[in-house]
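# Understanding the architecture of this molecule
Here is what each chain is made of, one letter per residue.
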Amino acid sequence: MPTTRRLLLSAIAALAGVASTPARAEPLVVHEPWARAALQGRTSAAYMTIENTTDTLDRLVAAASPVARVVELHTHILDGGVMRMRPVTAIEVNPGEPAVLRPGGLHIMLIDLARPLRQGETIPLTLRFERAGEVTVQVPVLAAGATGHGHGHGQHGGGHRH
Ligand SMILES: [Cu+2]
């Protein structure tokens, strides 16, 4: 049964490839990345949890994707009782304290989409860390209304919606 065995090994290799899709770029590990579906020319946002497995602070300092003409690191602040987005220069990733990017908090803003993001597809997103360098993550696109951990739609400044 050598043929069957080869096929089985191929299948295992394929499964291993799928399992490692949430980019495992030592020494930083990206968990459960996702982005929202959106129309071409509009904005979307990407969310994930970033774990630092080293004993040294690292910082996410930039991100880029072929699907968006501009990519920024954002957070939300409470401004006069209204949640607004604000660009940040870096997102700190401390050892033992994963950085959580989620709706209503830190996120990666995908601005001026070069093409539509469709639910069910996967988009590449390259993260640049101060110490670890560049890490490219494959980010699944969820529904436009997805909220991840149950956060509702907030108010956003600057005309962004996500
Ligand atoms: Cu934003």
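Here, every reference points to the structure presented above.
What comes next is a walk through the structure.

Reading the values: the criteria
Residues numbered from 1 in each chain as written. Predicted model: local features only at pLDDT ≥ 70, side-chain atom pairs only at ≥ 80, totals over all residues. Heavy atoms only, no water. Donors = N, O, S within 2.8 Å, 3.2 Å for Na, K, Ca; no water. Tetrahedral: all angles 85-135°; square planar, octahedral: opposite > 155°, others 65-115°. Helix = DSSP H or I, 4+ residues; strand = E, 2+ residues; numbered from the N terminus. Contact = heavy atoms within 4.5 Å. Core = buried A, V, L, I, M, F, W, Y, C linked by side-chain atoms within 4.5 Å. Buried < 20%, exposed > 50% of the residue type's maximum accessible area, 1.4 Å probe, protein only. Polar contact = N/O pair within 3.5 Å; in protein donor to acceptor, adjacent residues only side chain to side chain. Pairing = 2+ DSSP bridges. Salt bridge = Lys/Arg side-chain N within 4 Å of Asp/Glu carboxyl O.

This brings us to the coordination of the copper ion. Where a metal carries four tetrahedral donors, each ideal angle is 109.5 degrees; where it carries six octahedral donors, the ideal angles are 90 or 180 degrees. Here the copper ion is held by the protein donor atoms H74 (ND1), M85 (SD), H107 (NE2) and M109 (SD), which lie 2.1 to 2.2 Å from it. Bound by four donor atoms, the copper ion shows angles of 92 to 119 degrees at the metal and therefore tetrahedral coordination geometry.

The subject of this paragraph is the environment of A62. Summarising the element assignment, A62 is placed in strand 4 (residues 58–64). Distance from A62 to F129, taken between C-alpha atoms, is 7.2 Å for residues 67 residues apart in sequence. Excluding residues within four positions of it along the chain, A62 makes contact with L73, T126, L127 and R128.

Grouped together as the largest cluster of nonpolar side chains are 30 residues, with contacts concentrated most on M48, I50, I108, L110, L125 and L127. Apart from the residues within four sequence positions on either side, I50 is in contact with V29, V30, L60, V93, P98, A99, L101 and F129.

Moving on: the side chain of H76. Among the secondary structure elements, H76 is positioned in strand 5 (residues 68–79). A polar side-chain atom of H76 sits 3.1 Å from the main-chain carbonyl oxygen of G105.

What follows is about the pairing of strand 4. Pairing analysis gives three bridges linking strand 4 to strand 7 (residues 91–93), with the strands arranged antiparallel. Across the sheet, the residue bridging to L60 is I91, located in strand 7. Where strand 4 and strand 10 (residues 122–129) come together, four bridges link them in antiparallel fashion. The residue of strand 10 that forms the bridge with A64 is T126.

The subject of this paragraph is the pattern of salt bridges. All chains considered together, the criterion is met by five salt bridges. Between E130 and R59 there is a salt bridge; the shortest N-O distance is 2.8 Å. On the criterion of sequence distance, the pair formed by E130 in the loop between strand 10 and strand 11 (133–142) and R59 in strand 4 is long-range, its members being 71 residues apart. One salt bridge in this structure joins D112 and R69, with 3.2 Å as the shortest N-O distance. Here the residue D112 occupies a position in strand 9 (residues 107–113), and R69 occupies one in strand 5, the gap between them amounting to 43 residues. Of the residues examined, D112 reaches a relative accessible area of 29% and is grouped as partly exposed.

Turning our attention to unusual backbone geometry. For E32, which is not glycine, the phi dihedral falls at a positive 45 degrees. Within the element layout of this structure, E32 appears in strand 2 (residues 28–36). Classification of E32 as exposed rests on a relative accessible area of 63%. We note that D112 has phi near 60 degrees; this positive angle belongs to a residue other than glycine.

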